Amino acid sequence: MSDTSPDEVERQLAELDAIRRRVMNVIGHALRTPMATLRGLVEVVAKNPEAAKQEELTDALVRTTRRLERLLDDVLVASDVSTRLPTASAREVDLVQAVRTAWIEAGQDDEGLVIEGSARARVGNDALRWILFHLVDNAVRYGVQPVTVALGEADGMARIECRSPGPELNEADLRNAFELFYRGEAAVMKNTSGMGVGLPVVARLAEHSGGTVAIDALEGGGVVTVVELPAP
Amino acid sequence: MSDPLSEPLRIAVVDDDFDFRLLLRVQLDALPELSVVADAGDGEEAVDIARGEDPPDAFVMDLLMPKMNGFEAIDVIRKEYPEIGMVAYTAVAGAYARDQVSRLGAELVLKSGDPTDLVEALKRSVEKARSAS
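One structure accompanies this document, and this report is about it. (Residues numbered from 1 in each chain as written. Chains lettered and ligands numbered in written order. Predicted model: local features only at pLDDT ≥ 70, side-chain atom pairs only at ≥ 80, totals over all residues.)

Some details on the packing of helix 1 (residues 6–47) of chain A against helix 2 (residues 55–78) of chain A
Residue and element names in this part refer to chain A. Look at helix 1 against helix 2: their axes get within 10 Å of each other, and the N-to-C directions meet at 155 degrees. In terms of their interaxial angle, helix 1 and helix 2 are classed as roughly antiparallel. Helix 2 is crossed by helix 1, and the crossing has left-handed handedness. Seen from helix 1, the contacting residues are Ile 27, Ala 30, Leu 31, Pro 34, Thr 37, Leu 38, Leu 41, Val 44 and Val 45; seen from helix 2, they are Leu 57, Ala 60, Leu 61, Thr 64, Thr 65, Arg 67, Leu 68, Leu 71 and Val 75. Class assignment of the residues belonging to the contact of helix 1 with helix 2 gives a composition of 14 nonpolar, 3 polar and 1 charged. (Axes fitted to C-alpha atoms, helices over the stretch in contact; angles between N-to-C directions. Helix = DSSP H or I, 4+ residues; strand = E, 2+ residues; numbered from the N terminus. Parallel < 35°, antiparallel > 145°, perpendicular 65-115°, else oblique. Left-handed = near helix turned anticlockwise from the far one by under 90°. Contact = placed C-beta atoms within 7 Å. Nonpolar A, V, L, I, M, F, W, Y, C, P; charged D, E, K, R; others polar.)

Considerations on the sheet that holds strand 4 (residues 147–154) of chain A
Residues and elements named next belong to chain A. The 5 strands lie next to each other as 2-4-5-7-6, forming an open sheet whose pairing is mixed. A strand with exactly one partner marks an edge of an open sheet, and here the two such strands are strand 2 (113–117) and strand 6 (212–217). Along the sheet, successive strands turn relative to each other by an average axial angle of 15 degrees, direction set aside. The sheet strands contacting helix 3 (residues 95–105) are strand 2, strand 4 and strand 5 (157–165), and the helix crosses strand 2 at an angle near 170 degrees. The sheet contacts of helix 4 (residues 125–142) involve strand 4, strand 5 and strand 7 (222–230), and relative to strand 5 the element is tilted by about 20 degrees. (Pairing = 2+ DSSP bridges.)

Regarding the pairing of strand 7 of chain A
All names here are of chain A. As defined by bridge partners, strand 5 adjoins strand 7 across 9 bridges and the pair is classed as antiparallel. Within strand 7, the position partnered with Ser 164 by the bridge is Val 223. Hairpin connection of strand 6 to strand 7: 4 residues between the antiparallel strands, including Gly 220 at a positive phi of 90 degrees.

Considering the nonpolar core
Ranked by internal contacts, the top residues of the largest apolar core, which has 46 residues, are B:Ile11, B:Ala46, B:Phe59, B:Val60, B:Met61 and B:Val87. For B:Val87, the residues in contact, after removing those within four places along its chain, are B:Ala58, B:Val60, B:Met61, B:Ala106, B:Glu107, B:Val109, B:Leu118, B:Ala121, B:Leu122 and B:Ser125. Counting residues in each nonpolar core, the second largest holds 44 residues, with A:Ala78, A:Val123, A:Ile160 and A:Cys162 among its members. (Core = buried A, V, L, I, M, F, W, Y, C linked by C-beta atoms within 7 Å. Buried ≥ 20, exposed ≤ 12 C-beta atoms within 10 Å, placed from the backbone.)

Here it is as structure tokens:
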């Protein structure tokens, strides 16, 4: 028999309820815009089938659908649902090229990114792409450019150090950065969108690939995110 | 500036979501009473549009955006150009957002609603802004 007091049970239930509300609030926020976009685009095409011939509209439909899929995958992976973990075999990858590609795929200009050094990793292509997507997304969403990515290899590990200048992080932000659906003070105060799953996803994928991730405050404001993955 | 009763309202749409911005452009441009003349991806760009040579009659403004969010942009533009109508167009709005938007003198419409709600809010906001300025 548990000797938990009724007051303690009540406190724990209230805490669980607060977590449930926070999670549903964050997910609701994150899904609403892509859902509204998808519905709107489908309605436009349904009312005017000729619109389906406009490439920019069909491209937007494909992008929005993929984005919803990625949001769902992020939640599943960050929640440790192993069935959604990437399955591609590890292979040797040039990290300079991979980082540059992730930056361009995020729609960013070349001058916003500085790559220092070089490194090769032995990792599944889809896991690496997913990790880099979130590193770039966090840097673009919360920081200022240029973002510096320092690459190197040591002790059998390839190191990706992403230095993103931005608002100063407080202790709670650093402590809770890997907590699922946690959003930092700067993100909340600036009213930026986001779900608070990026770093938990990076952590889960890095671990799945035999690596690690850590963050620290950047001197002068901002964040340093360090991902280590097996070197070839 | 156009007369809201006789000419299409000239609208600027501001949203950090590229695809949602594209959708808004297509939806609003299809309406005879509106014409989308500019778009922007954050509040700073919105302020630049308002300060430009040919400012719009009204803004459709997302609230959650990088660099400068919608609350800040509405505040800056309303103070400098009170004759420009302002509609906050947001995915989710709690009590805080509703209070803030109301305090800033803007209309608020949810993205999940019918686009005609947005059109009506744009017309109301322009008429209100012009009569107050």
